[in-house]
Structures are given as C-alpha cells and as structure tokens.
Amino acid sequence: MLWIHWDKEWRLAIYPAVRACYCNEIVNLGIVYGFSAFFLWGVSPIYWKALLGVPPLEILAHRMVWSLLFVALIITWNRGWSKIRQVIKSPRLLLTLCLSTLLVGGNWLSYIWGVNNGHIVECSLGYFLTPLINVMLGVFFLGERLRRWQIVSFLLATLGLLIRTWQYGYLPSLSLFIAITFAFYGLVRKRITVDSITALGIETAIMLIPAGLYLSSLEWNHVGALGHSSLTTTLLLLGSGVITSVPLLMFTESARRIQLSTLGILQYLAPTGQFLLGVMLYQEPFSTGQLIGFCAIWAALAMFTVEGILHNRRASRLLTGNSKD
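Being a predicted model, the structure only gives us computed values, none of them experimental.

The final tally for this structure, using the stated rule, is 2 salt bridges. A salt bridge links Lys 83 to Asp 195; the nearest nitrogen and oxygen atoms lie 3.8 Å apart. One end of the pair, Lys 83, is in helix α4 (residues 81-88); the other, Asp 195, is in the loop between α8 (173-190) and α9 (196-206), and 112 residues separate them in sequence. Residue Lys 83 is classed as partly exposed on the basis of its relative accessible area of 43%. Its relative accessible area of 32% is what places Asp 195 among the partly exposed residues. The closest approach of N and O atoms between Arg 189 and Glu 203, which form a salt bridge, is 3.4 Å. Here the residue Arg 189 occupies a position in helix α8, and Glu 203 occupies one in helix α9, the gap between them amounting to 14 residues.

Below you can see the structure in the form of structure tokens.
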C-alpha cells in the first residue's frame, strides 16, 4: 500500500512536467527537432567516409532504394497512399517532382563524391552559400526585392568567394554546384503543394528503376558492395535510407513548429559541423587565405540572418499595431 501511495504521488508530481515538455511549455520540440536534423547532417561525413571503398554512384543508388523502403513504411503507417495516388494523377506535379529528383540526386551524388575525395570543406562552403543563392532565386523567379543589407551581405559573400578563387586559382565548382542544386531544389519544392514525406516517396520511387537496374548490373557482374564486402559496409549501405530520411523528417517537424528565422539560424549548424570535421578530424588543407574568404562569407551570413530577424520583428510589430487599430 505504501508503494502504491508513493507511485501515485510520483505520477502526480512528474506527469504535469512531462506533459508541459511535450506541449512545448518548457522544451520547444521544434528546436529539438531542428537541432537534431542539422546536427545529423553536420556529422554525416563520418557516415559516408566509412563507405570510402564504395563508388559514390553505388552509394547514391543504395541511398535511393533504401530511402524508398523506409519512406514507404512511414507512408503506410500514416495511411498516406491516397496522397501518392493524387500526385500520380497530376502530370504537372509528376513532371515537377522528376525535376526535383534530378536536382536532389545531383546534390547527393556531388556531396558523397566530395566527402570521399577529401573535399568536405568545399562541400560545407556550398551549404554556407545556399541561403544567399536562395535570395537571388527569389529575386529572379519569385519577383522578390532585395533590402539594403541583403544586398550588402550578398556582395560580401561574393567577395569571400572571389578571395577563395584567387587563393586556389580556380572557381570552387563543387561548392557552387552543391549550392545551386540545393537552392533550385528548394525553389522547385516551394512551387508545389506536396508534403515532404509524399514528395520524398515519389522522388525515390522515380529513381528506383535506374538505381535498381544499376545495382542489378553490379550484382550480375559480381562487383557490387552489398553482401560482398565487410559486414560493416553492408550494414551502412542498408542504413543509408534511414540516415537520409530521419533528418528530413525531423526538419519537416521543426519547420512546422518554429519560426523560419529560428530555423534559418539552426541551418548553419550542418555546414559548420562539416567544416570542423574537414579541418580538424580529416586534416584537409586550410590556408590563411581560405580562412579570410570563409570569414567574409560567415560575416555575410551573420549580417543576412540578423537583418532577416530584425525585419521580421518590425513587420510583426506593424501587423500587430494595424490589427489593434
């Protein structure tokens, strides 16, 4: 009886606190999801580096196949196959998702190649540049207008890129390709009204035929890595779908729960983690000139982020004031 009494008292004391955390009264779950997503993306080079002996195209094919299986299980759990059928019935949506598939496939392939060929720092530069390229795409394709400090931040980032180019004597094409493909992927996905899980399921399904044929040809010629390499390699290839889909699901939940300005700050965790891994863990070359270029880009991102936060606050205050009037 004493134990029952204590258990009842414990539940009465603990349950409200747990419920408050779950309802975002103490812990903002949106921030937890966002931090977790970008942290996983930030340390992802460790995962892909462990597959160093596998060709990047083969890794991409496995990533597509196992992501489809993982996402299909989630869609089944959420009873979302009706949404898939609706998209399939729309040729315009299907064509748009084919384009987004090419963009994300190219982005993933270039990133995996860069990580496994000693270019993690360049990959991180690409994701640092992505928000600024998003702004330019908004200007050219969505008719958005740049504010004064957005122009300054873009010019500062351009200066940093020029310093980086002058230091090495060539344009960082890998960084630009990663930034451009990811920015255009975001633009394409912004233009369609399909939720992330449904879109990812269709994108991976579109890639299933070429990925499946490619992996089948590798097996036919007895050169495939799955089941023919170490157990660790096999397990990592099988887990590539989870490591691809879980951060995306967390990102989606985060975007649904917190402000975009907060999400914009969190997004710099991923390239920062990649950059630190490239320089400190994998000892990639990083000269003083390259540091100056990166500092200019980091300053541009800081200016861009702070300006966006202040602008959103001013707009919110004006909107609140007008609603009171």
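Now that the structure has been shown, we can carry on.
Summed over the entire model, instances satisfying the criterion amount to 16 aromatic pairs. For the pair Phe 35 and Phe 39, a centre-to-centre distance of 6.2 Å together with 10° between the ring planes defines the contact as stacked. Here the residue Phe 35 and the residue Phe 39 both occupy positions in helix α2 (residues 29-49), the gap between them amounting to 4 residues, near one helical turn. According to the relative accessible area criterion, Phe 35 is partly exposed, its value standing at 43%. A ring pair is formed by Phe 275 and Trp 298, whose centres lie 5.2 Å apart and whose planes are at 85°; its orientation type is edge-to-face. Of the two residues, Phe 275 is situated in helix α14 (residues 269-281) and Trp 298 in helix α15 (residues 288-324); the sequence distance between them amounts to 23 residues. Here Phe 275 falls in the buried class, since its relative accessible area comes to 9%. Counting every residue linked through ring pairs, the aromatic cluster contains Phe 128, Phe 275, Phe 286, Phe 294 and Trp 298. Positioned over the ring face of Tyr 282 is Lys 49, at 5.1 Å from the centre of the ring. Sitting over the face of the ring of Trp 108, Arg 63 holds its NZ or CZ atom 4.2 Å from the ring centroid.

Orientation of helix α3 (residues 56-77) relative to helix α10 (residues 208-220), taken along the N-to-C sense of each, is 125°, at an axis distance of 9 Å. Relative to α10, α3 is oriented oblique. Our pair here, α3 against α10, has a crossing hand that is left-handed. Every residue of α10 that contacts α3 at Leu 57, Glu 58, Ala 61, His 62, Met 64, Val 65 and Leu 68 is listed here: Leu 208, Ala 211, Tyr 214, Leu 215 and Leu 218.

For the pair helix α6 (residues 120-142) and α8, interaxial distance at closest approach is 7 Å and the crossing angle is 45°. Relative to α8, the element α6 is oriented oblique. As for how α6 packs across α8, the hand of that crossing is right-handed. For the pair α6 and α8, the contacting residues are Glu 122, Cys 123, Leu 125, Gly 126, Tyr 127, Leu 129, Thr 130, Ile 133, Asn 134, Leu 137, Phe 141 and Leu 142 in the first and Leu 174, Ser 175, Leu 176, Ile 178, Ala 179, Ile 180, Phe 182, Ala 183, Phe 184, Leu 187 and Lys 190 in the second. Partitioned by chemical class, the residues of the contact of α6 with α8 number 17 nonpolar, 4 polar and 2 charged.

So, how was this worked out
Residues numbered from 1 in each chain as written. Predicted model: local features only at pLDDT ≥ 70, side-chain atom pairs only at ≥ 80, totals over all residues. Heavy atoms only, no water. Salt bridge = Lys/Arg side-chain N within 4 Å of Asp/Glu carboxyl O. Helix = DSSP H or I, 4+ residues; strand = E, 2+ residues; numbered from the N terminus. Buried < 20%, exposed > 50% of the residue type's maximum accessible area, 1.4 Å probe, protein only. Phe/Tyr/Trp six-rings, centres within 6.5 Å; stacked < 30°, edge-to-face > 60°. Lys NZ or Arg CZ within 6 Å of the ring centre and 35° of its normal. Axes fitted to C-alpha atoms, helices over the stretch in contact; angles between N-to-C directions. Parallel < 35°, antiparallel > 145°, perpendicular 65-115°, else oblique. Left-handed = near helix turned anticlockwise from the far one by under 90°. Contact = heavy atoms within 4.5 Å. Nonpolar A, V, L, I, M, F, W, Y, C, P; charged D, E, K, R; others polar.

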